[in-house]
Amino acid sequence: MNVTIETGRWALRYVEKDIVCVNMPESSTVMDAVAAIGLPSDEAGITTIGGKAVPKDHCLSDGDFLKIYPVIIGG
Amino acid sequence: MLYQNTIRVLYIDMKTQKIRIEDREDLKKYMGGVGVASKLLEENIHPELPPLDPAQPVVFAIGALSTIYPVLTKTVAMFISPLTGELGESYAGGRMAMCMFLAGIDAIVIHGKADRPTYLAISSNDIQFKDARTLWNNNKDSVGRLIRDDNKRAHGGKRSIIRIGTAGENQVSFACVTVDRYRHFGRLGLGAVLGSKYLKAISIVGDRSVPIQNFKRYFKAYQDLYKKCVTTELMAKYHDIGTPVNIEPLNAAGGLPTLNLRQNRFEHANKVSGEAFSYLHLVRKVACTGCPVGCIHIGQFKREFASHGHEYETISVAYDYELIYALGTFLGIKKPREILELIEEVEILGMDAMSTGVVLGWATEALENGIITQDDTIVPLKFGSYEEYLEAVKYLAAGKNKFYKSLGQGVKYASEAYGGQDYAMHIAGNEMAGYHTGYGSLVGSAVAARHSHLCNGGYAIDQGLTDNNVDPDEMAQALLNEEIERCMLNSLVMCLFARKVYDRETIISAFAAVGEDITDDELTATARRIYATKLRVKKALGFKLQSVRFPKRFFETPSMRGVLDENMAYEILKKYHEKISDLETAE
Amino acid sequence: MAKVLSTGDMSKCIGCFTCMFVCAGANRQDHSIQKSCIKIRTYGGISGKFVETVCHACREPACAEVCPTGALTLRKGGGVILSKKKCMGCRRCESSCLIKAVDFDEDLNLPIICHHCGLCARYCPHECLSMDEVPD
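Since this is a predicted model, take the numbers as computed values, not measurements.

## Topic: the sheet that holds strand 13 (residues 282-286) of chain B
Residue and element names in this part refer to chain B.
So, point 1. Pairing within the open sheet is antiparallel, and its 3 strands lie in the order 13-14-15. Only two strands of the sheet have a single partner each, and these edge strands are strand 13 and strand 15 (312-319). Each strand axis lies, on average, 30° off the axis of its neighbour in the sheet, ignoring direction.
So, point 2. Inspection of the sheet shows strand 14 (residues 296-304) paired to strand 15 by 8 bridges, in the antiparallel sense. Note that in strand 15 the partner of Ile298 across the bridge is Ala318.

This is the structure:
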């Protein structure tokens, strides 16, 4: 299945492009997608599909638009 | 003091202009920073007197290893907060820690009120009380310049200048102190305390040399720490976009306080994101002395002079996540340019940006609801409309009328006077920080010694949860563990952005490299000793955790972890209270 | 080929002063940045620019020319080498340097002379400083 994954410019120190289309095996999860684009797992903050927050073990479907936000930082 | 078994405390009496220096061995067990400052605060407060009484002390302290290792860059200030009436504690970066270190001072205790506006010029071999009458009622930018020029010949080292603005002079309860132009003792009203002492500014020159005792050992430890700092994620995250990177994830997760927390998301979040600020306004980044990261983001904008066409000035202002939240999303301002202009005005007047945004958010809603009128606010405050806010911050700093005087004492005070307490967004008297992330941030700020999100980083606990179910006992314990550990970290007065670099093992070797053998158990004991001291101060000042009441809105607007349950919040509070009941005796 | 310190990209400087801490530490065994050979200053307050003052590695160094005891000798690639034994602390080198790159250590009664060791460049976190190859 094909999944579109968007990060943002903040992720460019890990990934080449901030939006990519990835072909993934069926029943892949959000976490698999994070790994697939080469983002360290602890750098992935909230993740959304179609604007709705999804947990990291959520199973992806063909055509999903997954957005990965950075973790919240601060003191 | 480094390489000594004593802590050097400088006592300054503003009234008599007398100085006393004490080298205290007994303070060494508090390590430095917040430990030493808490103890000195406990020794010097007068609980029976109001926070702004001349007899009350202000304490500044640097850490046990300040300046000699990377990112140990901050100075802690402790005082009685005029905002909450209890423990006041605030941190600032800049050059101050290095200058105190190189002036040979670990801590400064100031009390008394000068006969006239005064500034202090401190160096390693002199302290002068200088006439500051002409600086009173002057904006801060020129204050720094005038003090630099006044002392041109007098220094051979590096100088740090801290000063208050007109809000501090007028004793606005959340007036801040600006350190070296871009950093602040922001929260809880240190500016008002200095104002109440007629203390406009302090200039500190570090002009002493400090020979390294065991170079090989020290430099090895330094190199290891430096490498750790510049190769970890710390560098990239805080230097690149910086803390404003938080806008988008908090918005997506529903934890971004917007329109006086009527909303947990801002429909224009992408317009005020960290990337938007970088793209439109970021011109440079600077660092506190001794920090290789450089997280201070400077934005620039140009402003047309009102009277003529085609005439402009360029203005540089430091921005961070909290400022964009408080003076942006919280007030519904959607243009970075307008947010920067608000930040600049608040900065010049010398107020805490977070408190300023939150009190104005409440005032806007109170005006909408008709519990106050435009006679009170003078300008028609309206979410999203920045010109009125730009005027309002001036009225706030000046205490323009009865309403603004009241607002200047914080949102808790103003809402008690005018109503609208359900949407006066403070936690235990301190205006909320930019995290509506769950019980961690909400209850965390309530139980926090100074009601700051930085006491226990509750938002990070919320972020780390796997689902929205919370065990009250576990949450209370997690908050307490972090609160206690940070007492130890803050005795080194490090930048908490770098707290992961300084794990226990690293701290122990950093001490060992300068000849101080300290064990893991001793660090634990020190942390508890410091926390106990803070609890005693709070008790003496009449604070009761059981009396904390959360404004209703926290339980109406969903957080990042869903709608919060009021009973659960009080349950966590209760659990926490039980856990600390026997802690204050730790010696 | 010899190497000399180059300060080509100071616009990236964040003012962390790491270069000064490392120089003072390694070259003078002191925690105070006053002992550093390289000086970073702000021009017009902290809101101004960061500027550096450090030895330019002159091929015809004025400091060596005015030294009455021959304590400063030419370094390969430019700049000078200080012989502590020969120096009497007259401070002529200090006043001869147009760019004020020679400071004076009152504690030791010796000038603070940069010998282009490159430590400051190695520890600059933002690549403002570098060591450039030059003919001997």
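Moving on, there is more to tell.
## As for the nonpolar core
Residues and elements named next belong to chain B.
So, point 1. Membership of the largest hydrophobic core comes to 261 residues, with the highest contact counts inside it found for Phe60, Leu65 and Tyr69.
So, point 2. No other element matches the 9 residues that helix 12 (residues 353-368) contributes to this core.
So, point 3. Residues from two domains meet in this core; each of domain 1 (1-232 + 439-550 + 570-587) and domain 2 (238-430) gives at least three.

## Here's the deal with the interface of chain A and chain B
So, point 1. Taken together, the contact pairs 14 residues of chain A with 25 residues of chain B.
So, point 2. Around 1,700 Å² of area is buried between chain A and chain B when both sides are counted, 62% of it from carbon and sulfur atoms.
So, point 3. The tally of links between chain A and chain B comes to 3 salt bridges.
So, point 4. With a closest N to O distance of 3.9 Å, Asp240 of chain B and Arg13 of chain A form a salt bridge.
So, point 5. Run the count over chain A and chain B and you get 11 residue pairs in polar contact (both at pLDDT 80 or more).
So, point 6. Looking at the side of chain A that touches chain B residue by residue, the classes come out as 8 nonpolar, 3 polar and 3 charged.

## Some remarks on the interface of chain C and chain B
Frequently, the measure chosen for interface size is the accessible area removed from exposure when the parts meet.
So, point 1. Counting residues at the interface gives 34 residues for chain C and 42 residues for chain B.
So, point 2. For the chain C and chain B pair, buried surface summed over both sides reaches about 2,700 Å², with 61% attributable to carbon and sulfur atoms.
So, point 3. Here chain C and chain B share 0 salt bridges between them.
So, point 4. Taken together, the connections running from chain C to chain B amount to 15 residue pairs in polar contact (both at pLDDT 80 or more).
So, point 5. Secondary-structure elements contributing two or more residues to the side of chain C that touches chain B are helix 1 (18-28), strand 2 (39-43) and strand 3 (49-53) of chain C.
So, point 6. Looking at which element gives the most residues to the side of chain C that touches chain B, the answer is helix 1 of chain C, with 6 residues.
So, point 7. Looking at the side of chain C that touches chain B, its residues break down into 16 nonpolar, 13 polar and 5 charged.

The rules we used
Residues numbered from 1 in each chain as written. Chains lettered and ligands numbered in written order. Predicted model: local features only at pLDDT ≥ 70, side-chain atom pairs only at ≥ 80, totals over all residues. Heavy atoms only, no water. Pairing = 2+ DSSP bridges. Helix = DSSP H or I, 4+ residues; strand = E, 2+ residues; numbered from the N terminus. Axes fitted to C-alpha atoms, helices over the stretch in contact; angles between N-to-C directions. Core = buried A, V, L, I, M, F, W, Y, C linked by side-chain atoms within 4.5 Å. Buried < 20%, exposed > 50% of the residue type's maximum accessible area, 1.4 Å probe, protein only. Domains from an automatic or database assignment. Contact = heavy atoms within 4.5 Å. Buried area = accessible area lost by both parts, 1.4 Å probe. Salt bridge = Lys/Arg side-chain N within 4 Å of Asp/Glu carboxyl O. Polar contact = N/O pair within 3.5 Å; in protein donor to acceptor, adjacent residues only side chain to side chain. Nonpolar A, V, L, I, M, F, W, Y, C, P; charged D, E, K, R; others polar.

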